[in-house]
Amino acid sequence: LNGRIANVTFINAKVAGDASGGTQPCGIVCGYCGNGAATCYGEIENVHVQGVVTGNGGGVGGVAGVLAHGKINRCSADIEINNKGQRTGGIVGYHNDANSASICEVTNCYSKGKIVSNNQKASGVISDLHGAAKSTNIAKVQYCYSAVDVTATRNVAGIVANAWNSNEYSAVEYCIAWNQNLKT
């Protein structure tokens, strides 16, 4: 997604990211939001998704597979996700921070449903938050909650499964994990 999508609801969506042996990132709205070079910016606002997503690779989410450079605000996901790969999230699969100008902001979002990953790094909001591989990256998850049941081989969490290289530009704050089941 290079641009903005807003004020949309997807009901009974079915995304088969594993069709024909595919291994690319996928989500109900998009596979990629923005790009790793930080030359394309994506914004998803007030979008609500309900459905099933199946994947076979890194970056499978309810709304977006990968948030590379952009913002997701006031979105919700009522989803069932089955991923054979790693990096599975109720809202976003993961944040790709390939550029020092990369922005990743997930705010005022919630997720419910079920996630099953046959690999590692699965969570209710975003699996991987690579906030500061470059010193000026912005990586924030704020005012989110999750009630997704999450199962994976390891690194399972209610909000963020894996966050690393934090700096003053990175934060996970004001979030609530209401997940009944987090299993490895």
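Just so you know, these numbers come straight off a predicted model, no measurement behind them.

What counts and what doesn't
Residues numbered from 1 in each chain as written. Predicted model: local features only at pLDDT ≥ 70, side-chain atom pairs only at ≥ 80, totals over all residues. Heavy atoms only, no water. Pairing = 2+ DSSP bridges. Helix = DSSP H or I, 4+ residues; strand = E, 2+ residues; numbered from the N terminus. Axes fitted to C-alpha atoms, helices over the stretch in contact; angles between N-to-C directions. Salt bridge = Lys/Arg side-chain N within 4 Å of Asp/Glu carboxyl O. Buried < 20%, exposed > 50% of the residue type's maximum accessible area, 1.4 Å probe, protein only. Polar contact = N/O pair within 3.5 Å; in protein donor to acceptor, adjacent residues only side chain to side chain.

## Description of the pairing of strand β13 (residues 126-129)
Here comes step 1: In this sheet, β13 lies alongside strand β9 (residues 92-95) in parallel orientation, the contact comprising two bridges. Of the residues in β13, the one forming a bridge with tyrosine 94 is aspartate 128.
Here comes step 2: Across three bridges, the pairing between β13 and strand β17 (residues 160-163) is parallel. In the sheet register, aspartate 128 faces β17, and the bridge partner there is asparagine 162.

## Some details on the sheet that holds β17
Sheet strands pair via backbone hydrogen bonds, and the direction of the pair is either parallel or antiparallel.
Here comes step 1: Pairing is parallel in the open sheet, where five strands are placed in the order β2-β5-β9-β13-β17. Both outer strands of the open sheet, β2 (30-33) and β17, are each paired with one neighbouring strand and no more. Geometrically, the sheet is characterised by an average inter-axis angle of 10° between neighbouring strands, direction not taken into account.
Here comes step 2: In terms of strand pairing, β2 meets strand β5 (residues 64-67) through three bridges, oriented parallel. Paired with cysteine 33 across the two strands is leucine 67, which belongs to β5.

## Some thoughts on the pattern of salt bridges
Here comes step 1: In total, this model carries five salt bridges according to the counting rule given.
Here comes step 2: The partner of glutamate 45 in a salt bridge is arginine 74, and the shortest N-O contact between them spans 3.4 Å. With glutamate 45 in strand β3 (residues 42-55) and arginine 74 in the loop between β6 (70-73) and β7 (76-83), this pair connects stretches of sequence that are 29 residues apart.
Here comes step 3: Residue arginine 74 is classed as partly exposed on the basis of its relative accessible area, which comes to 41%.
Here comes step 4: Here aspartate 128 and lysine 121 are joined by a salt bridge, their closest N and O atoms 3.6 Å apart. Considered together, aspartate 128 and lysine 121 belong to a single accessibility category, that of buried residues.
Here comes step 5: Three or more residues joined by partner-sharing salt bridges are found here, namely Arg4, Glu43, Glu45 and Arg74.

## Brief notes about the sheet that holds strand β16 (residues 154-157)
Here comes step 1: Pairing is parallel across the open sheet formed by four strands, whose spatial order is β4-β8-β12-β16. Strands at the two margins of the open sheet, each flanked by one partner only, are β4 (60-61) and β16.
Here comes step 2: Bridging between β4 and strand β8 (residues 88-89) involves two bridges; their strand directions are parallel. Its bridge partner lying in β8, valine 60 is registered against threonine 88.

## Details of the pairing of strand β11 (residues 110-117)
Here comes step 1: Both β7 and β11 contribute to a ladder of eight bridges, which runs parallel. From the neighbouring strand, asparagine 82 faces β11, where its bridge partner is valine 116.
Here comes step 2: As paired strands, β11 and strand β15 (residues 145-151) are joined by seven bridges and run parallel to one another. Its bridge partner lying in β15, glycine 113 is registered against valine 148.

## Let's talk about the environment of alanine 152
Here comes step 1: On the secondary structure map, alanine 152 appears in the loop between β15 and β16.
Here comes step 2: For the pair alanine 152 and lysine 84, spaced 68 residues apart in sequence, the C-alpha to C-alpha distance is 9.7 Å.

## Description of the side chain of serine 117
Here comes step 1: For serine 117, the location among the structural elements is in strand β11.
Here comes step 2: The class for serine 117 is buried, based on a relative accessible area of 4%.
Here comes step 3: Among the polar contacts made by the side chain of serine 117, one reaches the main-chain carbonyl oxygen of glycine 85 at a distance of 2.9 Å.

## What to know about unusual backbone geometry
Here comes step 1: Its identity is not glycine, yet asparagine 12 carries a phi of approximately 55°, on the positive side.
Here comes step 2: Considering the arrangement of structural elements, one finds asparagine 12 in strand β1 (residues 3-16).
Here comes step 3: Accessibility expressed as a relative area gives 54% for asparagine 12, which makes it exposed.
Here comes step 4: The phi torsion at asparagine 108 lies on the positive side, around 55°, for a residue other than glycine.

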